[in-house]
Amino acid sequence: MNSEFSLISWRHLFELTMQGVKEKRVFDLPEALFYQPEKNNPLRTRMFDQPLENPVGISAGPHSQMAQNIVSAWLCGARYIELKTVQTDDELDIPRPCIDMPFEGYNCEFSQELKIHQSYDEYLNAWILIHILKDKFGWTEDIGTIFNMSIGYDLEGIKKENVQWFLDKMNDCSKEKNEKLEAVVDLYPRAKELDIPDCISDNVTLSTMHGC
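These notes cover the structure that comes with them. (Residues numbered from 1 in each chain as written. Predicted model: local features only at pLDDT ≥ 70, side-chain atom pairs only at ≥ 80, totals over all residues. Heavy atoms only, no water.)

**Things to note about the overall build of the protein**
Part 1 of the reasoning: A count of helices and strands for the protein gives six helices and ten strands.
Part 2 of the reasoning: A buried classification covers 47% of the 212 residues belonging to the protein.
Part 3 of the reasoning: Of the contacts formed within the protein by residues at least 6 apart in sequence, a portion of 72% connects residues at least 24 apart.
Part 4 of the reasoning: Per element, the accessible surface of the protein, about 11,200 Å² overall, is 51% carbon and sulfur. (Helix = DSSP H or I, 4+ residues; strand = E, 2+ residues; numbered from the N terminus. Buried < 20%, exposed > 50% of the residue type's maximum accessible area, 1.4 Å probe, protein only. Contact = heavy atoms within 4.5 Å. Areas by Shrake-Rupley, 256 points an atom, 1.4 Å probe, with all protein chains shown as cover.)

Here it is as structure tokens:
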């Protein structure tokens, strides 16, 4: 397999998503598998002072670093999304993917597979798409979804400029968010009318090395 992820443009990703909605099959997931929110869902709760529609989701890993995977999980009911861990060293020569589970699993630490700016871009793409899909499906409840950042692997790395840049952007994505909405407004005219928060995430899971 290719050792590098091949990312697609925001507009192409948006077009694929909207085409999938039209065909009732988004990212090869049939509409029959889509989670249907209930107004009086007994599983609704709160975490980090935010509404959480379901207390289930996905953990950080190769699957949670690309927008289409995050959106696919959300479509199936995942509402707590632990994003793939970012770290200051994003120039890595390691086996890919970092976690493989054919029979028994192995995990290569220091395993970030995208550059930090790419990670931010993918998380923002997913954030926008989820809000647009909610609008497209006519779901009137709040988003009920929490994006949880995962950062590692030591304090020195977390304090580095690129990780601090990432944390700042996840707290305020307004500039890039508005640019992305402007880029697809011809495909989805309501895009700029939606209330999509500028803060993608304000909560963190600390990922440390084994044995810390």
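Moving on from the model shown.
**Quick notes on helix α2 (residues 67-75)**
Part 1 of the reasoning: Most of α2 is tucked away: seven of the nine residues are buried.
Part 2 of the reasoning: When α2 is considered as a whole, its buried residues turn out to be A67, I70, V71, S72, A73, W74 and L75.
Part 3 of the reasoning: G77 sits one or two residues past α2 and shows a positive phi near 115°.

**Brief notes about the packing of helix α3 (residues 116-136) against helix α6 (residues 174-184)**
Part 1 of the reasoning: At a closest axis distance of 11 Å, the pairing of α3 and α6 adopts a crossing angle of 55°. Taken together, the axis directions place α3 and α6 in an arrangement best described as oblique. Here the hand of the crossing between α3 and α6 comes out right-handed. Packed against α3, whose contacting residues are Y120, D121, L124, N125, I128 and I132, the element α6 presents E176, K177, K180 and L181 at the interface.
Part 2 of the reasoning: Among the residues forming the contact of α3 with α6, the class breakdown is five nonpolar, one polar and four charged. (Axes fitted to C-alpha atoms, helices over the stretch in contact; angles between N-to-C directions. Parallel < 35°, antiparallel > 145°, perpendicular 65-115°, else oblique. Left-handed = near helix turned anticlockwise from the far one by under 90°. Nonpolar A, V, L, I, M, F, W, Y, C, P; charged D, E, K, R; others polar.)

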